[in-house]
Amino acid sequence: MCRPCAEGARRALAPAHWAFALIGAGCRPQILSARDLAALPQAHAAAGMYCAAAPHDARQQRAGMWRGVGIAALLHAAAPAGARSGVAVAADGARAVLPLAWLARGLLATHFAGSPLALEAGAPARLIVPGLSACMNLPWIERIELSTEPAPEPLLASSFTTLTAQPADDGFVLGGTAFCGAEGLRGVAVRVDDGLALELALAAPPLGFVRWSIDWRPPGAGRWRIYAAVMDAAGVEQSTRP
């Protein structure tokens with residue numbers, strides 16, 4: 001999720017030059033420009049992801065609603081013969097192999113949280129499959145190559161939470177959006193200077209989101225390092241080192 005876009009790929013991703021292709025497995029090829037995608041019926045999906053190399057970097061977190069073209073509709077139009085999997089290929093050469101059933105749940109996403117994707121977030125289109133790890137949700141997707149060969153089960157997304165701190169009258173309002181991944185979600189633990197400060201019980205549906213907030217009053221003047229971690233269904237925290 002956090003890898004940079006190479007300069008050569010940037011040129012190929014200009015809307016005037018970019019196109020997406022769904023090919024293979026004896027299907028009717030679907031070749032779509034950015035304008036074509038915008039003209040097709042739009043679908044929505046809730047999905048969350050973060051960069052495994054920087055799980056506490058808010059700039060690398062995405063948790064919310066994505067909008068784009070449903071891959072199931074493209075598969076229906078392509079009518080592949082006996083396809084069981086697909087290889088998604090990005091402009092920078094990254095690949096993700098997915099079972100067809102997982103691909104059919106996905107989007108070619110062009111918008112996040114109501115706004116068009118920026119290039120750094122995966123524009124012109126990003127593969128979004130709710131429930132999968134960020135490494136499977138490729139930015140800058142260019143094509144999906146269908147195959148009659150089976151694919152292994154993909155890597156599922158883990159639970160995580162974002163964190164914000166807003167000044168209040170006598171302290172701060174800490175809050176964020178928690179995403180419920182494959183491990184389930186029990187709550188959020190907020191830590192200050194490596195010590196447990198607050199715990200908040202939460203409930204979210206599988207692969208769903210819940211917003212949370214909690215008041216925190218500093219013990220006195222000074223500076224603090226504040227971070228948050230989700231607790232899974234068993235009460236185990238995610239990695240809490242920022």
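Our structure is the block above this text.
What counts and how
Residues numbered from 1 in each chain as written. Predicted model: local features only at pLDDT ≥ 70, side-chain atom pairs only at ≥ 80, totals over all residues. Heavy atoms only, no water. Helix = DSSP H or I, 4+ residues; strand = E, 2+ residues; numbered from the N terminus. Polar contact = N/O pair within 3.5 Å; in protein donor to acceptor, adjacent residues only side chain to side chain. Buried < 20%, exposed > 50% of the residue type's maximum accessible area, 1.4 Å probe, protein only. Arc of directions from axis to C-beta. Pairing = 2+ DSSP bridges. Phe/Tyr/Trp six-rings, centres within 6.5 Å; stacked < 30°, edge-to-face > 60°.

Regarding the side chain of Thr110
Next up, step 1: Its place among the elements puts Thr110 in strand 7 (residues 107-112).
Next up, step 2: A polar contact of 2.9 Å, which involves the side chain of Thr110, links it to the side chain of His111.

Details of helix 3 (residues 71-78)
Next up, step 1: Taken as a whole, helix 3 has its buried residues at Ile71, Leu74, Leu75 and Ala78. Burial along helix 3 is one-sided: seen end-on, the buried residues are contained in an arc of 100 degrees. Pointing more than 90 degrees away from the buried face of helix 3 are the exposed residues Ala73 and His76.
Next up, step 2: Just past helix 3, the residue Ala79 takes up positive phi, approximately 50 degrees.

Re the pairing of strand 16 (residues 209-216)
Next up, step 1: Burial along strand 16 is one-sided: Val210, Trp212, Ile214 and Trp216 are buried, and none of Phe209, Arg211, Ser213 and Asp215, which face the opposite way, are.
Next up, step 2: In the sheet, strand 13 (residues 172-179) pairs with strand 16 via eight bridges, with the strands oriented antiparallel. Bridge pairing links Phe179 to Phe209 in strand 16.

A short note on the packing of aromatic side chains
Next up, step 1: Going through the model one piece at a time under the given rule, you end up with five aromatic pairs.
Next up, step 2: Ring plane angle 45 degrees and centroid distance 5.8 Å describe the contact between Phe160 and Phe179, whose orientation is recorded as tilted. With Phe160 in strand 11 (residues 160-161) and Phe179 in strand 13, the pair connects residues that are 19 residues apart, well separated along the chain.
Next up, step 3: Geometrically, the ring pair formed by Phe179 and Phe209 is tilted, given 5.3 Å between the ring centres and 45 degrees between the ring planes. One end of the pair, Phe179, is in strand 13; the other, Phe209, is in strand 16, with 30 residues separating them in the sequence.
Next up, step 4: Given a relative accessible area of 0%, Phe179 falls into the buried group.
Next up, step 5: Feature note: the residues Phe160, Phe179 and Phe209 constitute an aromatic cluster, connected by ring pairs.

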